[in-house]
Amino acid sequence: MSTLRTDRDTVDEPATDEVLTTARPLDVLPGLLLLVAVGLLGKYAEVAWLALAKHEHWTVPDIEYVLWAILIGLVIANTVGLHRVFRPGVRTYQFWLKVGIVALGSRFVLGDVLKLGATSLAQILVDMVVAGAIILGAARLFGLSGKLGSLLAIGTSICGVSAIVASKGAIRAKNSDVSYAIAAILALGAVALFTLPLFGHAIGLSDHEFGLWAGLAVDNTAETTATGYLFSDEAGKVAVLVKSTRNALIGFVVLGFALYWAARGEADELAPGVKAKAAFVWDKFPKFVLGFLAVSAAATAGWLSKGQLINVANVSKWAFLLTFAGVGLSTDIRQIARTGWRPLVVAVIGLVVVAAVSLGLVLLTSRVLHWGVGS
Amino acid sequence: MAESGPSEPTDENTSSVGWFSRVGADWWATAIGLAVTALAAAGVLPKIPW
């Protein structure tokens, strides 16, 4: 599955979350209302499903609102399709994801954030090196261009589409390579979304372990969040935190690849000096991570009453609900046929490697070394 | 449903869009999250149900 048809992250369009700041409010409104409608349908479908099962005396699994919202969006996008009038608004779903992540800071004590962030940082670094090396090797094996291999490695090891888009200019990648890499990464994000929670339950992972795993293994932040929340609320929280740590490294990874391609004369030279490099890293840094830390600090300092903490947490839930609706509405199953098999095979190898390595790391650190918070 | 695209932005629209755009979505998301938290800290955030 992939998600290009609704213009999600196509390279000639503004980044999905930037649409809110570049389009006029009236252009965004229809799609935004659709996100709200699909989100609400998903939320109340869970309630209705359980009520129906109770009324009919069925024994059924509780299908979470996360899955309902994604499925309803997916059905709409892949049957009647998404009319162009809705597209600008639907593309704002990553913006609401960021708002949700900032508000989610209220559910974390700052000390836990730093502890879990430090723990996951070590896991992320191991994961990045192993996955990056294997993907670059696989890309070479399957005859992909060096830059497409770089984009797939960046997308798989860091944060999917945002990292690929951020690297585009820095390594002077072709639009076709960028589109291929984005399609492959999104296809695998959708696969991970539906398979990882099932696998996590099957092997008996705890909420904390699954959250760590989803945060490490799923490439795109929206899909990471959905994957975590599909398992449980607690797993979703941990997944968002780990993924945010991963996202924070985006500048360093893009800088590394930019320097590599510049040294080969195939990308623009970066300005010399540490200051210029620091400015480059800061430019790519996801600023909402700072908002998340600030809100967590406010909650830790006791500035929020219990009732207001619940209010802020509910803001986060509503924002994520729009995100889940947007993930479904932006997923085009038919796009996979147009992606081409070679980048997809390389990305599949990447997903399997990242999932296996990160699961091994999670089990090693939580069950053998007993690291982690609240595990 | 009409298929017509959005009309051309006026100069006024373009400059306001430009200002919004320069700030960037990351910072806007942060600002909204912080504003909600500030309202909560001041005890004036209305009850938000889930």
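Residues numbered from 1 in each chain as written. Chains lettered and ligands numbered in written order. Predicted model: local features only at pLDDT ≥ 70, side-chain atom pairs only at ≥ 80, totals over all residues.

Novice: Please explain the overall build of chain A as it appears in this structure.
Specialist: Along chain A, the regular secondary structure elements total 18 helices and zero strands. Against the 2.2 N^0.38 benchmark of 21 Å for 375 residues, chain A shows a C-alpha radius of gyration of 20 Å, consistent with a compact globule. Along the three orthogonal principal directions, the C-alpha set of chain A runs to about 65 × 50 × 40 Å. When the 375 residues of chain A are sorted by exposure, 57% land in the buried category. Put simply, of all contacts in chain A between residues at least 6 apart along the chain, 82% involve residues at least 24 apart. (Helix = DSSP H or I, 4+ residues; strand = E, 2+ residues; numbered from the N terminus. Rg over C-alpha atoms; globule rule 2.2 N^0.38 Å. Buried ≥ 20, exposed ≤ 12 C-beta atoms within 10 Å, placed from the backbone. Contact = placed C-beta atoms within 7 Å.)

Novice: Help me out: how do you make sense of the nonpolar core in this one?
Specialist: In a soluble, globular protein the nonpolar side chains are often hidden away together inside. Core analysis: the biggest nonpolar cluster contains 129 residues, and A69, L152, I164 and A181 of chain A have the highest contact counts within it. In terms of residues, this core owes the most to one element, helix 9 (residues 175-202) of chain A, which gives 14 residues. (Core = buried A, V, L, I, M, F, W, Y, C linked by C-beta atoms within 7 Å.)

Novice: Help me out: how do you make sense of unusual backbone geometry in this one?
Specialist: Among all residues except glycine, the phi angle is most often negative; among peptide bonds, the trans geometry is most common. Residue and element names in this part refer to chain A. In this structure, H57 takes a positive phi of about 60° despite not being glycine. By secondary structure assignment, the location of H57 is in the loop between helix 2 (25-55) and helix 3 (65-78). We classify H57 as exposed; it has 6 C-beta atoms within 10 Å.

Novice: How should the interface of chain A and chain B be read in this particular structure?
Specialist: Many analyses report the size of an interface as the accessible area lost when the parts associate. Taken together, the 33 residues of chain A in the interface contact 29 residues of chain B. The set of elements that each furnish at least two residues to the side of chain A that touches chain B consists of helix 1 (19-22), helix 5 (93-104), helix 15 (288-300) and helix 16 (306-329) of chain A. When its residues are assigned to classes, the side of chain A that touches chain B shows 16 nonpolar, nine polar and eight charged. (Nonpolar A, V, L, I, M, F, W, Y, C, P; charged D, E, K, R; others polar.)

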